[in-house]
Amino acid sequence: MLNINNPNPTIVKIIKPFFARPRFADINFHTLWSVAAMLTIIQIYAYLHVLDILAYKLTSIADNTRKLNMLFTALAVIAGMFLGNDITALTLIPLYLNIAKRYKLPQILPVTLIGMGANIGAAFTPWGNPHNIFLVSRYNVSPLKFFEWSAPYLILSLIIMLLVFLFIPKNEIPTQKTEPIRISWPPTIITTVVFIFFFFGVFRAIDIIWPLIVAIVLALAINPRIMLKIDYALLLTFTGFFIFISDIQQIPAIVNLIHDMVYSEISTYFASTISSQVMSNVPSTILVGKFTNYAQALFLGSNIGGFGSAIGSMANMLVLKSFNQHGSVSKKKFFIQWTIMQFARLITVIKMVICKILSLAIFFKTVIKGPPYVL
């Protein structure tokens, strides 16, 4: 029988680590403030309907199905870079589906491409994906270094997308008639200036708290309801994972286990890619990032891991939700074909990245005879 007043030392030694207290210093406040500022600025742009207006104008120049798909996907890529993949998917997919239902156009492939385009564009910038902000903060990545990582990934992804477009027929569609709609330039310009201010905060040129304060003040000045649209659940997710990881970092057995899974570039790459499939790429990046120094491998794994399963990225869930709300074809058929295309792209990019790593490793070993290639 267990004696509470005089517990067994062995049992205490085993269970004590599981009751460790989180350390305040383990919470990355630079990441939290950066994500909060990003979410605020994105919601300001959403309120100003900048993306809706651009999409509305682009549809007026599309005279066939291939051009319409290319324009929407291109806009998704560009919007994902600045507004993030979530807002992009929520805005563009309903707009496309309204046109598709009106003229009986294909829905499954175009919506899938819009969602993929949003993910691709979001991976290119530090603020496009919340976990990219964490990577910049965690590893103190410079702007030049970050874009050295993201530019090849963007180019590779766009090449794959262009190949897909070649198989989309050029069926003629009626040109969309558009009414003259004007962007509200004064608040849009001010928001863009705040966005530039935010850029310097992300890379620590200035304290990130100042862009956050300015963004909140701007949102309140334009319309206080903007603050109600912010994804506070995402901020709680980041905070919760910082606390959770602070706890498990004090348990040697778990620390050793995770270190054994991320001991190299390849293992870090696969650990982040695979874990993203079951826990989404934001928490996966925070978890893996606390135990590895291979920042570029983690960047590639987490962003590529956003493809594949429905929970690989929050944007994936929003694509499915938007289609279920606005699509007119079978939801089951869409989910099956969407999943097949998601995993097809995931496997294709994984293979290309691995071939790049292996070819460079062989080059260093046989030609230069220097150190192995580090992601």
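Q: Can you help me understand the overall build of the chain in this one?
A: Each helix and strand in the chain was counted, giving 17 helices and 0 strands. Every one of the 375 residues in the chain was classed for burial, and the buried ones make up 51%. Partitioning the intrachain contacts of the chain with sequence separation of at least 6 by distance along the chain shows that 78% fall at a separation of at least 24. Accessible surface computed for the chain: about 18,600 Å², of which carbon and sulfur atoms make up 70%.

Q: Honestly, the pattern of salt bridges in this entry has me stumped. Any pointers?
A: Note on pairing: side chains with opposite charge can pair once their charged atoms come close. Enumeration over the complete set of coordinates arrives at 2 salt bridges. The partner of K145 in a salt bridge is E148, and the shortest N-O contact between them spans 3.3 Å. Of this pair, K145 and E148 both sit in helix 8 (residues 143–165), separated by 3 residues, roughly a single helical turn.

Q: Hey, could you run me through the environment of L113 in this one?
A: Locating L113 in the fold gives a position in helix 6 (residues 108–124). With near-sequence residues (within four places) excluded, L113 lies in contact with T73, M161, V164, F165 and I168.

Q: How do you make sense of helix 10 (residues 209–222) when you look at a structure like this?
A: At 3.6 residues per turn, the α-helix brings residues three or four places apart onto the same side. Counted at 1.5 Å a residue, the expected span for helix 10 with its 14 residues is 20 Å, and the 20 Å between its end C-alpha atoms agrees. Within the span of helix 10, buried status applies to P211, L212, A215, L218 and A219. When helix 10 is viewed along its axis, its buried side chains cluster within an angular range of 130 degrees and face the same direction. Exposed residues lying more than 90 degrees from the buried face of helix 10 are W210, V217 and A221. Close packing links the buried residues of helix 10 with helix 2 (29–48) and helix 9 (185–202).

Q: What should I look at first to understand the environment of F197 in this one?
A: Tracing the backbone through its elements, the reader meets F197 in helix 9. Along the backbone, F197 and P211 are 14 residues apart, and their C-alpha atoms lie at a distance of 6.0 Å. Beyond its immediate sequence surroundings of up to four residues, F197 is in contact with I206, W210, P211 and V214.

Q: What's the story with the packing of helix 7 (residues 130–139) against helix 14 (residues 281–289) in this structure? I'm lost.
A: Working note: a packed helix pair is described by the angle between its axes plus the distance between those axes. Contact pair helix 7 / helix 14: the axes reach a minimum separation of 8 Å and the direction vectors enclose 15 degrees. Accordingly, the angle class assigned to the pair helix 7 and helix 14 is roughly parallel. Judged by the twist between their axes, the crossing of helix 7 over helix 14 is right-handed. Residues P130, H131, F134, L135, R138 and Y139 of helix 7 form the contact with helix 14, whose participating residues are N281, V282, T285, I286 and G289.

Calculation criteria
Residues numbered from 1 in each chain as written. Predicted model: local features only at pLDDT ≥ 70, side-chain atom pairs only at ≥ 80, totals over all residues. Heavy atoms only, no water. Helix = DSSP H or I, 4+ residues; strand = E, 2+ residues; numbered from the N terminus. Buried < 20%, exposed > 50% of the residue type's maximum accessible area, 1.4 Å probe, protein only. Contact = heavy atoms within 4.5 Å. Areas by Shrake-Rupley, 256 points an atom, 1.4 Å probe, with all protein chains shown as cover. Salt bridge = Lys/Arg side-chain N within 4 Å of Asp/Glu carboxyl O. Expected span 1.5 Å × (residues − 1). Arc of directions from axis to C-beta. Axes fitted to C-alpha atoms, helices over the stretch in contact; angles between N-to-C directions. Parallel < 35°, antiparallel > 145°, perpendicular 65-115°, else oblique. Left-handed = near helix turned anticlockwise from the far one by under 90°.

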